[in-house]
Amino acid sequence: MFVVGLKRLFFVTPTNYRLYVDASQLEEFLFHGTVDIDVQINEYVDEIILNSVNLNIIKIQFRQNNFDFEPYGTVIYRHEYEQIIIKFNQPLNLGYGRLSLTFNGTINDQLHGFYRTKDHNHIGACTQFEPGYARRAFPCFDEPLFKANFSITIRAPKQLTTLSNMPVKSQRDGGNRTYIYEFDSTPVMSTYLVAYVIGHYDYVETRDSNNVLIRVYTPIGKKEQGLFALKTAAKMLPFYTDYFGIKYPLSKLDMIAIADFGSGAMENWGLVTYRETYLLVDVHTSTQKTKQEVALVVAHELAHQWFGNLVTMEWWNDLWLNEDKYSKDRNMF
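Everything numeric here is computed off the predicted structure, so don't read it as measured data.

What counts as what
- Residues numbered from 1 in each chain as written.
- Predicted model: local features only at pLDDT ≥ 70, side-chain atom pairs only at ≥ 80, totals over all residues.
- Heavy atoms only, no water.
- Helix = DSSP H or I, 4+ residues; strand = E, 2+ residues; numbered from the N terminus.
- Rg over C-alpha atoms; globule rule 2.2 N^0.38 Å.
- Buried < 20%, exposed > 50% of the residue type's maximum accessible area, 1.4 Å probe, protein only.
- Contact = heavy atoms within 4.5 Å.
- Areas by Shrake-Rupley, 256 points an atom, 1.4 Å probe, with all protein chains shown as cover.
- Lys, Arg positive; Asp, Glu negative; His and termini not counted.
- Charge placed at Lys NZ, Arg CZ, Asp CG, Glu CD.
- Pairing = 2+ DSSP bridges.
- Polar contact = N/O pair within 3.5 Å; in protein donor to acceptor, adjacent residues only side chain to side chain.
- Axes fitted to C-alpha atoms, helices over the stretch in contact; angles between N-to-C directions.
- Expected span 1.5 Å × (residues − 1).
- Salt bridge = Lys/Arg side-chain N within 4 Å of Asp/Glu carboxyl O.

Chemist: Requested: an account of the overall build of the protein, with residues and values cited.
Modeler: Secondary structure summary: the protein contains four helices and 20 strands in total. The globule rule puts the C-alpha radius of gyration for 333 residues at 20 Å, and the 20 Å found for the protein is close to it. Reported as C-alpha extents along the three principal axes, the dimensions of the protein are approximately 65 × 45 × 35 Å. Within the protein, the proportion of its 333 residues that are buried is 51%. Taking contacts inside the protein between residues at least 6 apart in sequence as the whole, the part at least 24 apart equals 66%. A total accessible area of about 15100 Å² is found for the protein, and carbon and sulfur atoms account for 48% of it. Charged side chains in the protein number 32 positive and 37 negative. The centres of these two groups are separated by 3 Å.

Chemist: Tell me about the pairing of strand β14 (residues 178-183), residues and numbers included.
Modeler: Two faces, one strand: in a regular strand the side chains alternate between the faces of the sheet. Inspection of the sheet shows strand β11 (residues 149-157) paired to β14 by five bridges, in the antiparallel sense. Its bridge partner lying in β14, T153 is registered against E182. As paired elements, strand β13 (residues 168-173) and β14 share five bridges and run antiparallel to each other. For D173, the partnering residue across the bridge sits in β14 and is Y179.

Chemist: Talk me through the side chain of T273; I want residue IDs and the actual numbers.
Modeler: When you line up the elements, T273 lands in strand β20 (residues 271-275). Residue T273 is classed as buried on the basis of its relative accessible area of 0%. A polar atom in the side chain of T273 sits 3.1 Å from the side chain of N268. Contact partners of T273, with chain neighbours within four places excluded, come to C126, Q128, V197, I256, I258, F261, A265, M266 and N268.

Chemist: Explain the sheet that holds strand β12 (residues 161-164) to me, using residue names and the numbers behind them.
Modeler: With antiparallel pairing, the four strands of this open sheet are ordered in space as β9-β10-β15-β12. Edge positions in the sheet fall to β9 (113-119) and β12, since each has one partner strand and no second. Strand after strand, the sheet turns through a mean of 15 degrees between neighbouring axes, direction not considered.

Chemist: So, the sheet that holds strand β8 (residues 95-106): which residues are in play, and what are the values?
Modeler: Across the sheet, eight strands lie side by side as β5-β4-β8-β2-β1-β11-β14-β13; this open sheet has mixed pairing. Lying at the two open borders of the sheet, with one neighbouring strand each, are β5 (67-69) and β13. The sheet shows a mean angle of 20 degrees between the axes of neighbouring strands, taken without regard to direction. In the sheet, strand β2 (residues 30-41) pairs with β8 via twelve bridges, with the strands oriented antiparallel. Opposite G33, over in β8, you have F103 as the bridge partner.

Chemist: I'd love a proper account of helix α3 (residues 288-303), names of residues and values included.
Modeler: The first and last C-alpha atoms of α3 sit 22 Å apart over 16 residues, in line with the 22 Å expected at 1.5 Å per residue. Within α3, burial applies to V294, V297, V298, A299, H300, E301, L302 and A303.

Chemist: Mind laying out the pattern of salt bridges, listing which residues take part and the relevant values?
Modeler: The full count for this structure, using the stated rule, is twelve salt bridges. With a shortest N-O distance of 3.0 Å, D22 and R155 are connected by a salt bridge. Pair noted here: D22 is in strand β1 (residues 12-22) and R155 is in strand β11, with a separation of 133 residues, a long-range link. No difference in accessibility class separates D22 from R155, as the two residues are buried. The partner of D38 in a salt bridge is R98, and the shortest N-O contact between them spans 2.8 Å. Linking D38 in strand β2 with R98 in strand β8, this pair joins segments that are 60 residues apart in sequence. In the salt-bridge network here, residues are joined through shared partners; they are E82, R135, R136, D142 and E143.

Okay, here's the thing in structure tokens:
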């Protein structure tokens, strides 16, 4: 299953991403961005292989020990393997370096990658990166074993809520009725857990017994329907802390109901995305069965904050370990 060979995958490995996404043209379904990837060069190579799909790579730079390595020729696109190959005019030195890329793309309508959402004529955007769709949003080493830290910055329209895995570190005016949001750096994690959401949302919030801030984001006018999931999460996070003997590693947990969402839910670290029917409960019309299902789905996704996010399979053929454990443990709740 390894396209370029198992050993060759480890010739260049990422340690940190600085990702900037400009979604100010959201209504035109366009985005552009930059990514600086700190990498470790483990073998003498004259090329770097990344995953990238349907992205236009505009500029490339590799810097190491204050020396810029120039790409040799154009980027080679291997569409059948969802890869790009960046060749250089001389071998790269062993040690650390920084690969910088400028790119642009389309906010698609495929329910994966960085895609568009619509709720009552309100346009938004959302990510779904599992199993291999982060490569459709930014060039990256898009396999689960290549964990790294992610520092994410997003430019988005002022009137919209903008979320990512981590709390907002700073917010400043971006011009043309936009804000630029800089988020705290994530723990070490796989690319498929990176997430960001932009759109019109209400929310309800609480804190659990360990003082973790929990919010449930809902479509405008439906925030009361998030209260059941909010109370469930406030009980489940401390339960899992005791169960695993490891504290939830983030300071916040957001759960959000997405109008257009192909999966049931997705366990993005700190920003769990849900289909509306698996997060929202109407106290007047929802059945007991609906409440039970919402509680089980929330419990399942929060379990992944440890089993899957903190501890992750190396390759996709072990994904069943990630999912099967908590399918079997449903009775524990």
